[in-house]
Amino acid sequence: MVAVSSNGEYSFTKPNREGIRLLEGLGVEGDVHAGVTVKHRSRVRQDPSQPNLRQVHLMHAELFEELAEAGFTVGPGQLGENVTTRGVDLLGLPVGALLHLGDGAVVEVTGLRNPCAQIDGFRPGLLKQVVGRDDSGAVVRKAGIMGVVRSGGVVRPGDGITVTLPPEPHQPLERV
């Protein structure tokens with residue numbers, strides 16, 4: 001893990017922390033998006049009783065390098081993620097993959113983050129960099145993945161990450 005971040009208030013970015021505590025079934029302790037039911041404002045307006053499949057947001061630091069090549073300076077926590085990783089193909093994971101973080105926390109992958117127009121408020125034109133289309137016209141989302149906490153624990157920058165894949169056939173990630 002490169003960085004961990006949380007914010008107790010609704011804000012696009014999340015300050016980096018020395019550590020965050022993941023709470024089983026809830027998310028990041030003290031983070032505005034923690035809870036059993038949805039906390040993202042647009043989803044709350046649709047149906048506040050929906051299960052929160054977006055308790056933890058993980059993003060790969062390699063995206064920041066890709067964005068830098070396109071002229072955008074972005075760092076850990078600035079796109080609202082809780083955990084910034086390096087060396088893990090987050091976008092290539094299937095639904096149900098288990099991410100073992102640090103000494104015992106486990107996050108189950110639920111799907112892709114679907115970035116909204118707020119990202120252009122942070123850096124104009126950034127949305128086009130993290131959501132696009134492939135050669136076949138299919139939507140490609142690159143702004144990280146979402147998950148739910150299956151086992152709690154404290155995670156810190158420098159902690160390791162291991163992946164356990166679910167049984168096959170694997171279900172590809174879709175937006176959640």
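Look a little higher up for the structure.
All of these numbers come straight from a predicted model, not from anything done at the bench.

With that settled, consider the layout of surface pockets. In this structure, the largest pocket occupies an estimated 590 Å³ of space. The wall of the largest pocket is formed by 24 residues, among which His33, His40, Arg54, Cys116 and Gln118 lie closest to the centre. The greatest single-element share of the lining of the largest pocket, amounting to 5 residues, is contributed by helix H1 (residues 41–46).

Bringing the sheet that holds strand S4 (residues 27–28) into the picture now. The strand order S4-S3-S12 describes an open sheet built from 3 strands, whose pairing is antiparallel. This sheet does not close on itself; its edge strands, each paired only once, are S4 and strand S12 (153–155). Sheet analysis places strand S3 (residues 20–23) next to S4, joined by 2 bridges and oriented antiparallel. Within the sheet, the bridge partner assigned to Leu22 lies in S4 and is Val28.

Read across the open sheet, the 8 strands follow the order S2-S1-S6-S5-S11-S8-S7-S13; overall the sheet is mixed. Looking at which strands have only one partner, the edges of the open sheet turn out to be strand S2 (16–17) and strand S13 (161–164). In this sheet, strand S6 (residues 83–85) lies alongside strand S5 (residues 56–60) in parallel orientation, the contact comprising 3 bridges. Bridged to His60 within S6 is Thr85.

Thresholds applied
Residues numbered from 1 in each chain as written. Predicted model: local features only at pLDDT ≥ 70, side-chain atom pairs only at ≥ 80, totals over all residues. Heavy atoms only, no water. 1 Å grid on protein atoms, 1.4 Å probe; cavity = no way out; pocket = protein on both sides within 12 Å on 5 of 7 lines; lining within 4 Å. Points joined across faces, edges and corners; volume = space filled by probe spheres on them. Helix = DSSP H or I, 4+ residues; strand = E, 2+ residues; numbered from the N terminus. Pairing = 2+ DSSP bridges.

These figures come from the coordinates and say nothing about function on their own.
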